[in-house]
Amino acid sequence: MEGLGLAYLGAGLGAGLAVIGAGLGIGNIAASAAEGTARQPEATSDIRTTMIIAAALIEGVALFGEVICVLLALK
Amino acid sequence: MLTSGVILLQANLLSPNPGLIFWTAVTFVIVLLILKKIAWGPIISALEEREKGIQSSIDRAHQAKDESEAILRKNRELLSKADAEADKIIREGKEYAEKLRSDITGKAQEESKKMIAAALSSIEQEKHRALDVLRNEVADLAVMGAEKIIKNALDADMQRKIVDSMLQDLSTKRN
Amino acid sequence: MKRLNVLHPKSLVKVMAILVALLVNTGGFSGVAAAQSPEASAEVVSGTVAASEHGAPSAHGEEKAGDVIMHHVFDSNIFAFHPFGEIELPKIAPVAGIDISITKHVVMMWLVSAILLVVFAFVGGKYKKMTNRQAPKGLTNAVEALVEFIRLDVAKSNIGHGYEKHLPYLLTVFFFILLCNLLGLVPYGATATGNINVTLALATFTFFITQVAALKAHGLKGFLVHLTAGTHWSLWIIMIPIEVIGLFTKPFALAIRLFANMTAGHIVILSLIFISFILKSYIVAVAVSVPFSIFIYLLELFVAFLQAFIFTMLSALFIGLATAHEGHDELAAEVAHH
């Protein structure tokens, strides 16, 4: 039972760490995008598209982490 | 979520289910093919057609604008030309009128001068004629007076006095 | 003034008394049982609540909140309309070792397909009749806005030249995912896109379309050269596996992203609702569960659109990257990292 508990602990911690990383990354993207939009309002739509793509890619990595955590929790 | 972990294990949140993949693929392909035929074809062709229509309308509008600008420019030129023409015509008309006026007045003055001269000459002639008539009348009167005198008394002095007074009268009358 | 001063604390006390009574009353509901063993009472409470929520008597023992949530999210052979009963979906005998029986998510997908076909048959008919000079109205106009968005902002700006070929796929995938996401938010509905198998199948389509487009654009030789990422031959032993993994990661991330987003939203909504059942308190229900779940629900509406858009957008981007002729190496490498 201790091993299972440790697996759950690891899964929870891992999920949290993945979320921290993704949050920092997406936060950075959003900050830069806001700054870029403020500097060049005419490029808003381009910046938004780029931002969404980058955020989606980072989110994808975070989701990989989450999936691994779920798998860990299942073991 | 501890319990949910167990449930995940039982119900296989992440485990592949080939049946569902099969059904998804079949459903999606059928939907894709049908929609391609009934919806995307007409919609996209309509959109493209409209896009082209709008583009050509814009092109046409630009062309029309250019054309109208050219016409406007031409019209302006024509107008300014017409203005100059009109100015010229008016100026010429004025000059002609001025000339005509001076001509007419000159002629009229001449005419009037001529008429005055003719009138003066005719007055002179009339005067001469009247004088002639008067002279004849005076001569007749003198003859008549002489006759009376001769008839009344042939006194020489008296005769002279009469003749003299008559002549005196005549001369005063004449003047 | 004085009268008011006297009255004010009195009314406050009254309100407090009512509130305390309410709290005690609702708390007292299970207070007797909770007094002995809080854990056991919580289990009993959630069990009864889950059973009542589930409609059916708990024949196979007590169900916990987690069970109910997972039951809602998972695929099953039973299409439940609690408390109006449930429909057992027919089982089909396995063909070639694959169980192709119809499940809840298959039914939802068919529902989505039916709605899509009806709506777009209507809209397509309108467009066939419409001349160039007429403006679209109502539903046609709404659909046109979305179609135009996918066509110009997603397909044309990401794929560039030759985007028309991939437009039907992108449009279908967008509307299919969007409607699946939205139908999951309807009561009694299930989110077909919240199932990894469905998203994996959709991502596989993107994968094949991307590879076919890359093969067509560069030829077999160009395709193989692309796998080396243009590096020196001594690095090939590292680069080729990375590039090959990159090829598969992209659609896999696509599938996981959609699945995780849709599943997570539903789990969060249900968990928020179950907080009030677990704590068995009206106060928690009114103050926490209902407002927060409404908030998450609205967020989910936004996420439904966003995820459909992102799936379509990334599909277009991958196709664009695969067919691009210049400057795609570093971009592909960047994408491969994720």
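Above this text you will find the structure in question.
Residues numbered from 1 in each chain as written. Chains lettered and ligands numbered in written order. Predicted model: local features only at pLDDT ≥ 70, side-chain atom pairs only at ≥ 80, totals over all residues. Heavy atoms only, no water.

Sorry if this is basic, but what is going on with the overall build of chain C here?
For chain C, the helix and strand inventory stands at 10 helices and 2 strands. Along the chain direction, N to C, the helices and strands of chain C fall in the order α-α-α-β-β-α-α-α-α-α-α-α. Per-residue burial over chain C gives 44% buried out of 338 residues. Total accessible area computed for chain C in this model is approximately 17800 Å², and 72% of it derives from carbon and sulfur atoms. (Helix = DSSP H or I, 4+ residues; strand = E, 2+ residues; numbered from the N terminus. Buried < 20%, exposed > 50% of the residue type's maximum accessible area, 1.4 Å probe, protein only. Areas by Shrake-Rupley, 256 points an atom, 1.4 Å probe, with all protein chains shown as cover.)

Is there a simple way to explain the nonpolar core in this structure?
One broad rule of soluble globular proteins: the nonpolar side chains tend to lie buried together. By size, the foremost hydrophobic cluster in this structure holds 71 residues, and its most contacted members are W40 of chain B together with L116, F120 and F311 of chain C. Contributions of two or more residues to this core are made by α2 (44–74) of chain A, α2 (18–152) of chain B together with α4 (104–129), α5 (138–159), α6 (167–184), α7 (196–227), α8 (236–279) and α9 (282–323) of chain C. Among the elements that take part in this core, α6 of chain C stands out by supplying 13 residues, more than any other. Among all residues touching L116 of chain C, those that are not within four sequence positions of it are V31 and L35 of chain B together with A121, F175, F176 and L179 of chain C. (Core = buried A, V, L, I, M, F, W, Y, C linked by side-chain atoms within 4.5 Å. Contact = heavy atoms within 4.5 Å.)

What am I meant to see in the packing of α7 of chain C against α8 of chain C here?
Helices that pack against each other are described as a pair by the angle of their axes relative to one another and the distance between those axes. All names here are of chain C. Orientation of α7 relative to α8, taken along the N-to-C sense of each, is 150 degrees, at an axis distance of 8 Å. It follows from the interaxial angle that α7 and α8 lie roughly antiparallel. For the pair α7 and α8, the sense of crossing is right-handed. Looking at the contact of α7 with α8 residue by residue, the class counts come to 18 nonpolar, 4 polar and 1 charged. (Axes fitted to C-alpha atoms, helices over the stretch in contact; angles between N-to-C directions. Parallel < 35°, antiparallel > 145°, perpendicular 65-115°, else oblique. Left-handed = near helix turned anticlockwise from the far one by under 90°. Nonpolar A, V, L, I, M, F, W, Y, C, P; charged D, E, K, R; others polar.)

Whenever I open this one, the packing of α6 of chain C against α9 of chain C confuses me. Can you help?
Residues and elements named next belong to chain C. It is at 9 Å that the axes of α6 and α9 come closest, and there the two elements cross at 155 degrees. Between α6 and α9, the angle falls in the class roughly antiparallel. By crossing handedness, the relation of α6 to α9 is classed as right-handed. In this structure, α6 uses Y169, L170, V173, F174, I177, L178, N181 and L182 to contact α9, whose residues at the interface are L301, A304, F305, Q307, A308, F309, F311, T312, S315 and A316. The residue makeup of the contact of α6 with α9, split by class, is 14 nonpolar, 4 polar and no charged.

Help me understand the packing of aromatic side chains, please; the structure alone is not making it clear to me.
Note on aromatic pairs: each is described by the distance of the centres and the angle between the planes. Per the counting criterion, the structure on display carries 13 aromatic pairs over all chains. Aromatic side chains F28 of chain B and Y169 of chain C sit 5.9 Å apart centroid to centroid with 80 degrees between the ring planes, which places their arrangement in the edge-to-face category. With F28 of chain B in helix α2 and Y169 of chain C in helix α6, the pair connects residues from two separate chains. Ring pairs connect the aromatic residues F28 of chain B together with Y169, F176 and F205 of chain C, which therefore count as one cluster. (Phe/Tyr/Trp six-rings, centres within 6.5 Å; stacked < 30°, edge-to-face > 60°.)

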